[in-house]
Amino acid sequence: MTQRLMEAWVETPLEQMNVAVIGTGHVGLITCVSMAAIGHSVRGMDIDEAKIAKLNLGISPFHEPGVEDLLRKSIEQGRLSFTSDPGEALGDADAIFICVGTPARANGEANLIAVEQAARDVARYTKSGTIVIEKSTVPAGTARRVEWVLKHERVDLAAELLVVSNPEFLREGSAMRDALYPDRILVGAESSQAFTRMRRLYGPILERGAELIETDIATAELAKHACNAFLAMKISYINGIARLCELADADVVDVARVMGSDPRIGPHFLSAGLGYGGFCFPKDLIAFERLSVQLGYDFPLLSAVARINDDAIDNTVRKIRDALWNLEDKRVALLGLAFKPDTDDVRFSPALTLASRLLDEGAVVVGYDPQAATDAKAELPDLLIEHDPYDAVRDAHCIVLCTEWAEFQSLDLDRVRELVAYPVVVDGRNAFEPDRVTSAGLHYYPTGRPDMPAHALESVHA
Ligand code: UGA
């Protein structure tokens, strides 16, 4: 994949710009690397000096397929560097991306302090004619506040600064591909000059077929939240159907197949399981709900989506309890700890929420994840960690598949059967092939599908 990502972007004609990116988290770093890959000269800026030092050595602070190769290549080619000095990053930038975090406040609202600080840094250091691009996920109205800060603090540049909203649609695990080969690029702006500048900035990507959708600023900001909330709704919808399937002896995988074959519904985001996690859907959904209430519309669907997502974990705990009877001192092995495969991100990971619920009920919980083990342990110190899936399942009374990493498909289930104390597999992502599990002598408890007893079971007890 890296090879394809690294195709000769720089040979595509481009009006090279000096690009600055404020914030080098997931969105910021991918923005830095993709802008450098298409030929711009990029400076990433972050207040975290230790992170900046690593980035300048070509070390990514997180696991994301393809990012480190492109990071190193762009640094070697002199098109990408990092600094913690805002003056150095912003002083000669033609385009400035704001990619800082917008975590949730206690009441669920997006905390925009870092966005405000970024706007104040821009106001202090920017030159005339710069385009300021709000990329962080923010409530509708935020870019207007950014513009207000800029114009308030730099009366001298007020007529020349352009502010646009350019929300991202990157998915962790495929973020490099999503950035370089996006379905669409969304730009909210209030002048044709701003749209023209954004088309130049993204020139090579647009030339390869991506569509750039133009809207006004508030529409772009709201559309980003609308997309994430809709995707979360699809997941909760299928998880609600999964509950019904369990009660009606039906199969949610087949229901999803039927639904997905209708082009008006589409097949994506209809995988039932432990529900959605990560640093986007849970917080964005609540922030969207708060925004909606603030604007004067109580949008009841949004709270139902969050409630059904919580219920997906409750249902899995119930399933494990049903399979084990009592949880005290039972050893539960969690396969996968990241909130989704191909990332080491454990923020709001359903696997960790489940682990903590099981620990509260007195179980001994051991986890394995190919990338996320260290962060998972830091987040939940009582979780035991193994660095090999077979060590994790050894003596387990129950195995729970929490994250559908591809490597779990090739687990030797006969060997697993020999290692476990009880032959119980709960599939929180419907990722195992049921026959493979049951013919290895393991009882299979999927999500929203009928439970399947083990074939040729020798003994339920060790
Ligand atoms: C999500 C959106 O997909 C991106 O378009 C968006 O840019 C990003 O949030 C963001 O706002 O920054 P991401 O959080 O990386 O991307 O991950 P997704 O692939 O959307 O998965 C989110 C969660 O939903 C994961 O926990 C995943 O396991 C779960 N999921 C996904 C399901 O439970 N079922 C599904 O069918 C699909």
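Rules and cut-offs
- Residues numbered from 1 in each chain as written.
- Predicted model: local features only at pLDDT ≥ 70, side-chain atom pairs only at ≥ 80, totals over all residues.
- Heavy atoms only, no water.
- Near = heavy atom within 4 Å.
- Polar contact = N/O pair within 3.5 Å; in protein donor to acceptor, adjacent residues only side chain to side chain.
- Areas by Shrake-Rupley, 256 points an atom, 1.4 Å probe, with all protein chains shown as cover.
- Nonpolar A, V, L, I, M, F, W, Y, C, P; charged D, E, K, R; others polar.
- Domains from an automatic or database assignment.
- Core = buried A, V, L, I, M, F, W, Y, C linked by side-chain atoms within 4.5 Å.
- Buried < 20%, exposed > 50% of the residue type's maximum accessible area, 1.4 Å probe, protein only.
- Contact = heavy atoms within 4.5 Å.
- Helix = DSSP H or I, 4+ residues; strand = E, 2+ residues; numbered from the N terminus.
- Pairing = 2+ DSSP bridges.
- Phe/Tyr/Trp six-rings, centres within 6.5 Å; stacked < 30°, edge-to-face > 60°.
- Lys NZ or Arg CZ within 6 Å of the ring centre and 35° of its normal.
- Axes fitted to C-alpha atoms, helices over the stretch in contact; angles between N-to-C directions.
- Salt bridge = Lys/Arg side-chain N within 4 Å of Asp/Glu carboxyl O.
- Left-handed = near helix turned anticlockwise from the far one by under 90°.
- Buried area = accessible area lost by both parts, 1.4 Å probe.

Novice: What am I meant to see in the site of the ligand here?
Specialist: What surrounds the ligand is a group of 20 residues, the closest being Leu170, Glu172, Lys224, Asn228 and Lys340. The separation between an oxygen atom of the ligand and a polar side-chain atom of lysine 224 is 2.7 Å. In the complex, the protein chains occlude 92% of the 710 Å² of accessible area that the ligand would expose alone. Partitioning the shell around the ligand into residue classes produces 9 nonpolar, 4 polar and 7 charged. Among the domains, domain 1 (2–215) and domain 2 (216–462) are the pair contributing at least three residues each to the shell around the ligand.

Novice: Looking at this structure, I do not really get the nonpolar core. What am I missing?
Specialist: The tendency in soluble globular proteins is for nonpolar side chains to be buried side by side. Counting 57 residues, the largest nonpolar core has Ile320, Leu334, Leu354, Leu358, Leu383, Val400 and Phe432 as its most contacted members. With residues near it in sequence (within four places) discarded, leucine 354 still touches Leu274, Ile313, Thr316, Val317, Ile320, Leu334, Val400 and Cys402. Val21, Phe62, Phe97 and Met176 belong to the second largest nonpolar core, which has 44 residues in total.

Novice: Just to check I follow, could you spell out the pairing of strand E6 (residues 162–165) for this structure?
Specialist: The side chains of a regular strand alternate, residue by residue, between the two faces of the sheet. Residues Leu162 and Val164 point to one face of E6 and Val163 and Ser165 to the other, with burial holding for every one of them. Pairing geometry for strand E5 (residues 131–134) and E6, over 4 bridges, is parallel. Across the sheet, residue valine 132 finds its bridge partner in E6, namely valine 163.

Novice: What is the right way to look at the side chain of threonine 316 in this model?
Specialist: Secondary-structure assignment places threonine 316 in helix H14 (residues 300–324). Classification of threonine 316 as buried rests on a relative accessible area of 2%. Every residue in contact with threonine 316, bar those within four places of it in the chain, is listed here: Leu274, Leu354, Val400 and Val426.

Novice: Even after reading the chapter, I still don't get the packing of aromatic side chains, so can you show me in this structure?
Specialist: In this description, a pair of aromatic rings is defined by centroid distance and the angle of the planes. Enumeration over the complete set of coordinates arrives at 6 aromatic pairs. Relative to phenylalanine 299, the ring of tyrosine 297 has its centre 5.4 Å away and its plane inclined at 45°; by these criteria the two rings are tilted. Here a set of aromatic residues connected by ring pairs shows up, and it is made of Phe269, Tyr276 and Phe281. In this structure, arginine 184 packs its charged tip against the face of phenylalanine 169, placed 3.7 Å from the ring centre.

Novice: Is there a simple way to explain the sheet that holds strand E11 (residues 384–385) in this structure?
Specialist: Note: strands within a sheet are paired through backbone hydrogen bonds, in either parallel or antiparallel orientation. Spatial ordering of the open sheet is given by E11-E10-E9-E12-E13-E14, a layout of 6 strands whose pairing is parallel. With one partner strand each, in any of the chains shown, E11 and strand E14 (443–445) form the two edges of the open sheet. Taken together, the 3 bridges between strand E12 (residues 398–401) and strand E13 (residues 424–427) define a ladder with parallel strand orientation. Within the sheet, the bridge partner assigned to isoleucine 399 lies in E13 and is valine 425. Contacts from helix H15 (residues 350–360) reach strand E9 (331–335), strand E10 (364–368) and E12, with the element oriented near 175° to E9.

Novice: What exactly am I supposed to notice about H15 here?
Specialist: The periodicity of an α-helix, 3.6 residues per turn, causes residues three or four places apart in sequence to face the same way. Of the residues making up H15, those classed as buried are Pro350, Ala351, Leu352, Leu354, Ala355 and Leu358. Where H15 is buried, its residues touch H14, E9, E10, helix H16 (373–379) and E12. Among the residues trailing H15, glycine 362 stands out with phi positive, at a value near 95°.

Novice: Would you mind showing me how to read the pattern of salt bridges here?
Specialist: The full count for this structure, using the stated rule, is 28 salt bridges. Residue arginine 200 is joined to glutamate 15 by a salt bridge in which the shortest nitrogen-to-oxygen separation is 3.5 Å. Linking arginine 200 in helix H9 (residues 192–201) with glutamate 15 in the loop between helix H1 (2–5) and strand E1 (18–22), this pair joins segments that are 185 residues apart in sequence. Its relative accessible area of 46% is what places glutamate 15 among the partly exposed residues. Connected through shared salt-bridge partners, Arg144, Glu147, Lys151 and Glu190 make up one network.

Novice: Would you mind showing me how to read the packing of helix H6 (residues 113–125) against helix H7 (residues 142–153) here?
Specialist: A pair of packed helices is captured by two measures, namely the crossing angle of their axes and the spacing between those axes. One way to put it is that H6 packs onto H7 with a least axis distance of 9 Å and a crossing angle of 35°. For the element pair H6 and H7, the recorded crossing hand is right-handed. Residue-level contacts link Val115, Ala119, Arg120, Val122 and Ala123 of H6 to Thr142, Val146, Val149, Leu150 and Glu153 of H7.

Novice: Got a minute to help me understand unusual backbone geometry in this structure?
Specialist: Note on backbone geometry: most residues besides glycine have negative phi, and most peptide bonds are trans. Even without a glycine there, the phi angle at aspartate 329 is positive, about 65°. Within the element layout of this structure, aspartate 329 appears in the loop between H14 and E9. Despite not being glycine, asparagine 430 shows a phi value in the positive range, around 50°. Note on placement: asparagine 430 falls in the loop between E13 and helix H19 (434–439). Judged by relative accessible area, asparagine 430 falls into the buried class, the value being 16%.

Novice: Is there a simple way to think about the domain arrangement of the protein in this case?
Specialist: Note on interface size: it is often stated as the accessible area lost on association of the parts. Looking at the assigned domains, one finds that the protein contains domain 1 (2–215) and domain 2 (216–462). Distance from the C-alpha centre of domain 1 to the C-alpha centre of domain 2: 33 Å. Summing both partners gives a buried area of about 2,500 Å² for domain 1 against domain 2, and 59% of it is carried by carbon and sulfur. Here domain 1 and domain 2 share 3 salt bridges between them. For lysine 224, the salt bridge goes to glutamate 168, with nearest N and O atoms at 3.4 Å. Summed over the shared surface of domain 1 and domain 2, the number is 11 residue pairs in polar contact (both at pLDDT 80 or more).

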